[in-house]
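Here is what each chain is made of, one letter per residue.
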Amino acid sequence: MMQQYLRIKADHPQVLLFYRMGDFYELFYEDAERAARLLNITLTARGASAGAPVKMAGVPVVSVEQYLARLVRLGESVAICEQVGDPAASKGPVERKVVRVVTPGTLTDSGLLQDKSDAPLMAVAPPLARGGPFGLAWLVLSSGELRGGLDNSAGPGLRNGAHRAVRGAAGRHVVGHARPGRAQRRGDPADAPRLALRL
């Protein structure tokens, strides 16, 4: 079973892995330590690996949503690994796979979203040339609203404007970047083209 867990965890190294075992989602090793600290749940040990105890912690399946909401509010991402095979037909561990990944920037579940708050996902494209504009785009997945534009301010103002935009998404994940197109406008940031789309 631990070989299966480690194989699945290797595909999701940066997030907490909730590994389904019966009526609980279990976490192991560093994930267990982190979850125990963040959620104030019990940290225990199960067996040993390479002579060291395997640390573990778990949350009940019936109350997983409240734990997910707490982790998301703390800026954590979680991969949910479910049993997808038939236990009666399995020789060895029941087949499992990650069926859902919950991140602060990609929430659409109304039960996990805080009331009266959006969960924007932002991308920042660096300037093509020194002193050129930053491209900014942000998407609110829950409503399908997409906005974007250029920050054309110069020098430190350019950097400060982009940093303010990123800080404005506090607690959210800032993801990726792409090179902006060459058709860029110069001048005041207020003159930068803007778009708002409903998907």
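If you're wondering where the values come from, they're calculated on a predicted model, not measured in any experiment.

Engineer: Tell me about the nonpolar core, and please be specific about residues and values.
Structural biologist: Ranked by internal contacts, the top residues of the largest apolar core, which has 20 residues, are F18, Y25, L39, I41, V59, L68 and V78. For this core, the element with the highest residue contribution is helix α3 (residues 64–73), accounting for 5 residues. Not counting the four nearest positions on each side in its chain, F18 is found in contact with Y25, E26, L27, V59, V64, L68, L71, V78, A79, I80 and C81. Within the second largest apolar cluster, 11 residues are counted, among which are I8, V15, L17 and Y19.

Engineer: Help me get a handle on the pattern of salt bridges, residues and values and all.
Structural biologist: According to the stated counting rule, one finds 6 salt bridges in the structure shown. K9 is the partner of D31 in a salt bridge, and the nearest nitrogen-oxygen pair spans 2.8 Å. You can see D31 sitting in helix α2 (residues 29–39) and its partner K9 sitting in helix α1 (residues 2–10), a full 22 residues away along the chain. Taken as a pair, D31 and K9 share a single burial class, namely buried. Between R147 and E145 there is a salt bridge, with the nearest N and O atoms lying 2.5 Å from each other. A relative accessible area of 38% means that R147 is categorised as partly exposed.

Engineer: I'd like a description of the side chain of D31, backed by residues and values.
Structural biologist: Note on D31: relative accessible area 4%, which makes it buried. When sequence neighbours within four positions are dropped, the list of residues in contact with D31 reads Y5, K9, V15, L16 and L17.

Engineer: Residues and numbers for the packing of aromatic side chains, please.
Structural biologist: All chains considered together, the criterion is met by 5 aromatic pairs. With 5.4 Å between their ring centres and 85° between their planes, Y5 and Y19 make a pair best called edge-to-face. Residue Y5 is found in helix α1, and its partner Y19 is found in strand β1 (residues 16–21); the two are separated by 14 residues along the sequence. The burial state of Y5 is the same as that of Y19; both residues are buried.

Engineer: Residues and numbers for α3, please.
Structural biologist: When we look at burial in α3, the residues that qualify are V64, Y67, L68, A69, L71 and V72. Its buried side turned inward, α3 meets β1, β2 (24–28), α2, β4 (52–60), β5 (78–83) and β6 (96–102). Of the residues one or two after α3, G75 is the one with positive phi, at around 85°.

Criteria and cut-off values
- Residues numbered from 1 in each chain as written.
- Predicted model: local features only at pLDDT ≥ 70, side-chain atom pairs only at ≥ 80, totals over all residues.
- Heavy atoms only, no water.
- Core = buried A, V, L, I, M, F, W, Y, C linked by side-chain atoms within 4.5 Å.
- Buried < 20%, exposed > 50% of the residue type's maximum accessible area, 1.4 Å probe, protein only.
- Helix = DSSP H or I, 4+ residues; strand = E, 2+ residues; numbered from the N terminus.
- Contact = heavy atoms within 4.5 Å.
- Salt bridge = Lys/Arg side-chain N within 4 Å of Asp/Glu carboxyl O.
- Phe/Tyr/Trp six-rings, centres within 6.5 Å; stacked < 30°, edge-to-face > 60°.

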